[in-house]
Amino acid sequence: MRRLVVLASLLAVVVAAALVAQRRPVQPPADPAPLLNLIGDVGRSAAAVPGRAARMSDVDEIGVGNNLARTLREESSPLAAYVTRVGTNVSGGARRQLPYAFHLSADPKMFNAVALPGGHVVVGAGLVALMTSEDELAAVLAHEIEHIDHFHCIDRYQRGTAAGGSPAGLILLAPLDILAAGYAKNEELEADAEGTRLAAAAGYAPLAVIELFEAAERLSARRPTSVRRAGSPIEEALDVQAAALDGYFRSHPPAAERIARIRDVVREDRLDANARPRPLDAVAASAAGIGEAR
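Since the model is a prediction, treat every value here as computed from it, not as a measurement.

### Overview of the overall build of the chain
Moving on, step 1. From N to C terminus, the chain includes 13 helices and 3 strands.
Moving on, step 2. Per-residue burial for the chain yields a buried fraction of 49% across its 294 residues.
Moving on, step 3. By sequence separation, contacts in the chain at least 24 residues apart represent 75% of the contacts at least 6 residues apart.

Listed below in structure tokens is the structure:
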């Protein structure tokens, strides 16, 4: 019953938003971030609601993920190959032995990473550009692997499709957008904790990702509090970057809370807090301009 109420409420909000949009003057395509934020909020509040009576089999989950992966706009480059190499190294320690595959989105405005059912992980070029060590990349990929490993991803997908065939009421968004909208707070923190352990087991510095969180927060803070015209192309690019990062933080717990959880894991598991991050692959980093966004 609770699941039906949540789904009905979500459908009502989306329909109302569509009706309001029809009454307004025609404008350029809107940023989907507000709707994604809304869906993320509703999805997180409904996290305790079971999706279906039975969880999808691994074979069916892999099929769903493969279909979603075919819709990706990715690139073939030294950086993409590097992402695959690091992801393959980290995923070797995952509990679920799925056919993990790693993808680099060519979109420079994608400041996020997304887990797909069945083992696919997508990382955006915008987020990678903020990184200064291979360990940060490993931590991000490990976090997404754990969303798959702990069934967060497939459970969210099944909750979204429970009303019949396509995400209930989400007629304006693709399934990939739904999966990018964020998980329940306890799921995000679990993925942080288990992802830290997974990356450390693969030989990466467990605290390296904290630098990425802090860099992303600094850039997100640049977002203007009111609408203004950018003074230069560089300012405009920074505004777009900050807005995208703001959406990322809206779909995840506060960075301070995530950092505290990671530090707890390092202390509890007696991981090497002094481990030094390894540098990024020079060829891949140079080709992508990694680190320049910071």
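### As for the sheet that holds strand 2 (residues 113–115)
Moving on, step 1. Spatial ordering of the open sheet is given by 1-3-2, a layout of 3 strands whose pairing is mixed. The outermost strands of the open sheet, each flanked by one partner alone, are strand 1 (101–105) and strand 2. Taking the axes of each pair of neighbouring strands and ignoring which way they run, one obtains an average angle of 15 degrees across the sheet.
Moving on, step 2. The sheet contact formed by strand 1 and strand 3 (residues 120–124) spans 5 bridges and is parallel. The residue of strand 3 that forms the bridge with His103 is Val122.

### Re the packing of helix 6 (residues 134–149) against helix 9 (residues 185–201)
Moving on, step 1. As a packed pair, helix 6 and helix 9 sit with axes 7 Å apart at the nearest point and diverge in direction by 125 degrees. Here helix 9 runs oblique to helix 6, going by the angle between their axes. Seen from above, helix 6 lies across helix 9 with right-handed handedness. Facing helix 6, whose interface residues are Ala138, Ala139, Ala142, His143, Ile145, Glu146 and His147, helix 9 presents Glu187, Glu188, Ala191, Asp192, Glu194, Gly195, Leu198 and Ala199.
Moving on, step 2. Residue classes in the contact of helix 6 with helix 9 are distributed as 7 nonpolar, 3 polar and 5 charged.

### Brief notes about the side chain of Arg96
Moving on, step 1. Looking at where Arg96 falls in the secondary structure, it is placed in the loop between helix 4 (78–91) and strand 1.
Moving on, step 2. Sequence-distant contacts of Arg96, that is, excluding residues within four places in its chain, are made with Asp58, Glu61, Ile148, Asp149 and Phe151.

### Overview of helix 4
Moving on, step 1. Taking 1.5 Å as the rise per residue, helix 4 with 14 residues should run 20 Å; its terminal C-alpha atoms sit 20 Å apart, in good agreement.
Moving on, step 2. For helix 4, the complete set of buried residues consists of Leu79, Ala80, Tyr82, Val83, Val86, Gly87, Val90 and Ser91. Viewed end-on, helix 4 has its buried residues packed into an arc of 155 degrees, placing them on one side of the element.

### A short note on the packing of aromatic side chains
Moving on, step 1. Taken as a whole, this structure holds 0 aromatic pairs when the rule is applied.
Moving on, step 2. Positioned above the aromatic ring of Phe151 is the side chain of Arg55, whose terminal nitrogen or guanidinium carbon lies 4.0 Å from the ring centre.
Moving on, step 3. The ring of Tyr183 carries the charged tip of Arg156 above its face, separated from the ring centre by 5.8 Å.

### Overview of the pairing of strand 3
Moving on, step 1. Within strand 3, 5 of the 5 residues are buried, which leaves it mostly tucked inside the rest of the structure.
Moving on, step 2. On strand 3, burial covers both faces: His120, Val122 and Gly124 on one face and Val121 and Val123 on the other are all buried.
Moving on, step 3. Bridge count for strand 2 against strand 3 is 3 bridges, and the pairing is antiparallel. Within strand 3, the residue paired with Ala115 across the bridge is Val121.
Moving on, step 4. Taking the residues between adjacent antiparallel strands as the criterion, strand 2 and strand 3 are bridged by 4 residues, where Gly118 takes a positive phi near 85 degrees.

### Examining the pattern of salt bridges
Moving on, step 1. This structure, assessed with the given rule, holds 11 salt bridges.
Moving on, step 2. Of the charged contacts in the structure, one is a salt bridge between Arg278 and Glu134, with a shortest N-O distance of 3.7 Å. Separated by 144 residues along the polypeptide, Arg278 in the loop between helix 12 (255–268) and helix 13 (282–288) and Glu134 in helix 6 bring together distant segments of the chain.
Moving on, step 3. Two residues, Arg267 and Asp264, come together in a salt bridge whose shortest N-O distance is 2.8 Å. Remark: Asp264 and Arg267 occur in helix 12; sequence separation between them is 3 residues, near one turn of the helix.
Moving on, step 4. Residue Arg267 is classed as exposed on the basis of its relative accessible area of 55%.
Moving on, step 5. Here the salt bridges share partners, and the residues they tie into one network are Asp58, Glu61 and Arg96.

Conventions and cut-offs
Residues numbered from 1 in each chain as written. Predicted model: local features only at pLDDT ≥ 70, side-chain atom pairs only at ≥ 80, totals over all residues. Heavy atoms only, no water. Helix = DSSP H or I, 4+ residues; strand = E, 2+ residues; numbered from the N terminus. Buried < 20%, exposed > 50% of the residue type's maximum accessible area, 1.4 Å probe, protein only. Contact = heavy atoms within 4.5 Å. Pairing = 2+ DSSP bridges. Axes fitted to C-alpha atoms, helices over the stretch in contact; angles between N-to-C directions. Parallel < 35°, antiparallel > 145°, perpendicular 65-115°, else oblique. Left-handed = near helix turned anticlockwise from the far one by under 90°. Nonpolar A, V, L, I, M, F, W, Y, C, P; charged D, E, K, R; others polar. Expected span 1.5 Å × (residues − 1). Arc of directions from axis to C-beta. Phe/Tyr/Trp six-rings, centres within 6.5 Å; stacked < 30°, edge-to-face > 60°. Lys NZ or Arg CZ within 6 Å of the ring centre and 35° of its normal. Salt bridge = Lys/Arg side-chain N within 4 Å of Asp/Glu carboxyl O.

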